[in-house]
Amino acid sequence: MNITEQDCLFMREAIRLANESVKRGGGPFGAVIVKDGKIVAGSSNSVTIDNDPTAHAEVKTIREACRRLGTFDLSGCTIYTSCEPCPMCLGAIYWAHLDRIYYGNHRGDAAEISFADDFIYDELAKPFTERAVPIIPLLRDEALESFRLWTEKTDKTEY
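All figures in this text were calculated on a predicted structure; none of them were measured in a lab.

Draft legend 1. Molecular detail of the overall build of the chain. A tally of regular secondary structure across the chain gives seven helices and four strands. Start at the N end of the chain and walk to the C end: the helices and strands fall as α-β-β-α-α-β-α-β-α-α-α. Here the C-alpha coordinates of the chain stretch approximately 55 × 40 × 35 Å along the principal axes. Taken over 159 residues, the chain has a buried fraction of 31%. Taking all contacts inside the chain whose residues are at least 6 apart in sequence as the whole, residues at least 24 apart take part in 48%. Of the accessible surface of the chain, which amounts to about 10500 Å², a share of 56% is contributed by carbon and sulfur atoms. Between the centroid of the 18 positive side chains of the chain and the centroid of its 25 negative side chains there is a distance of 5 Å.

Draft legend 2. Layout of the pattern of salt bridges. Inspection of the entire model under this criterion finds 10 salt bridges. Across the salt bridge formed by Glu 20 and Lys 23, the nearest N and O atoms sit 3.6 Å from each other. With a gap of three residues between them, Glu 20 and Lys 23 both fall in helix H1 (residues 5-24), about one helical turn apart. Among the residues examined, Glu 20 registers a relative accessible area of 30% and is labelled partly exposed.

Draft legend 3. Layout of the packing of aromatic side chains. One pass over the full model with this rule turns up five aromatic pairs. For the ring pair Tyr 80 and Tyr 102, a centre distance of 4.8 Å and an interplane angle of 5° mean the geometry is stacked. With Tyr 80 in strand S3 (residues 77-83) and Tyr 102 in strand S4 (residues 100-105), this pair connects stretches of sequence that are 22 residues apart. Of the two residues, Tyr 80 and Tyr 102, both sit in the buried class. Clustering of aromatic rings is evident, with ring pairs tying together Phe 10, Tyr 80 and Tyr 102. It is Arg 107 that lies over the ring of Tyr 121; its NZ or CZ is 4.1 Å from the centre.

Draft legend 4. Examining the packing of helix H3 (residues 57-69) against helix H4 (residues 87-96) more closely. Relative orientation of the contacting elements H3 and H4 amounts to 25°, with a least axis distance of 8 Å. It follows that H3 is roughly parallel to H4 by the angle criterion. At the point where H3 passes H4, the crossing takes the left-handed sense. Together, Glu 58, Val 59 and Ile 62 of H3 and Met 88, Cys 89, Ala 92, Ile 93 and Ala 96 of H4 make up the contact between the two elements. Taken together, the residues of the contact of H3 with H4 break down into seven nonpolar, no polar and one charged.

Draft legend 5. Here's a closer look at H4. For H4, the full list of buried residues reads Pro 87, Cys 89, Ile 93 and Ala 96. Contacts made by the buried residues of H4 are with H3, S3, S4 and helix H6 (118-124). Among the residues trailing H4, His 97 stands out with phi positive, at a value near 65°.

Draft legend 6. Structural context of the pairing of S3. Counting buried positions over the seven residues of S3 gives seven, a clear majority of the element. In this structure, strand S1 (residues 30-35) lies alongside S3, joined through five bridges in antiparallel fashion. Counted as the bridge partner of Lys 35 is Cys 77 from S3. Sheet topology places S3 next to S4; five bridges connect them, and they run parallel. By the bridge assignment for S4, Cys 83 is matched with Asn 105. As a crossover connection, the stretch from S3 through H4 into S4 is right-handed.

Each value, and the rule that gives it
- Residues numbered from 1 in each chain as written.
- Predicted model: local features only at pLDDT ≥ 70, side-chain atom pairs only at ≥ 80, totals over all residues.
- Heavy atoms only, no water.
- Helix = DSSP H or I, 4+ residues; strand = E, 2+ residues; numbered from the N terminus.
- Buried < 20%, exposed > 50% of the residue type's maximum accessible area, 1.4 Å probe, protein only.
- Contact = heavy atoms within 4.5 Å.
- Areas by Shrake-Rupley, 256 points an atom, 1.4 Å probe, with all protein chains shown as cover.
- Lys, Arg positive; Asp, Glu negative; His and termini not counted.
- Charge placed at Lys NZ, Arg CZ, Asp CG, Glu CD.
- Salt bridge = Lys/Arg side-chain N within 4 Å of Asp/Glu carboxyl O.
- Phe/Tyr/Trp six-rings, centres within 6.5 Å; stacked < 30°, edge-to-face > 60°.
- Lys NZ or Arg CZ within 6 Å of the ring centre and 35° of its normal.
- Axes fitted to C-alpha atoms, helices over the stretch in contact; angles between N-to-C directions.
- Parallel < 35°, antiparallel > 145°, perpendicular 65-115°, else oblique.
- Left-handed = near helix turned anticlockwise from the far one by under 90°.
- Nonpolar A, V, L, I, M, F, W, Y, C, P; charged D, E, K, R; others polar.
- Pairing = 2+ DSSP bridges.
- Right-handed = clockwise from strand over helix to strand, strands pointing away.

This is how it looks when you write it as structure tokens:
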């Protein structure tokens, strides 16, 4: 993969957003999404500011890019994030269909400052019965009705 000076400029913007976040009382994470060589959205972590555990830079940036572009599909876009995405953010990036991820710090760097995600990766590899948070199946037969309705719907928007 050939890294360009423009890639470095976009990463520096994600890093700038992370630095500004720390100064405002947020977490040390920033991200930007780029389409056709232009930044369409950028944000930083505001978990503690907003009292929202999902307010990670990548998730907030995906939401803003989708709003601005009027779509839930960010194919054709690239995300630059100041740190390797956590499992939640990585999932959101895949669901948004972003083409590429550039990151600054790796998850080991984050773990060194007490932002460790390895426990989530470890949990995902365990059977439900061995996980720290119980996962209990309930009313599957009733819940399947939604899936039946979806399957039969002829005017649905696939995603």
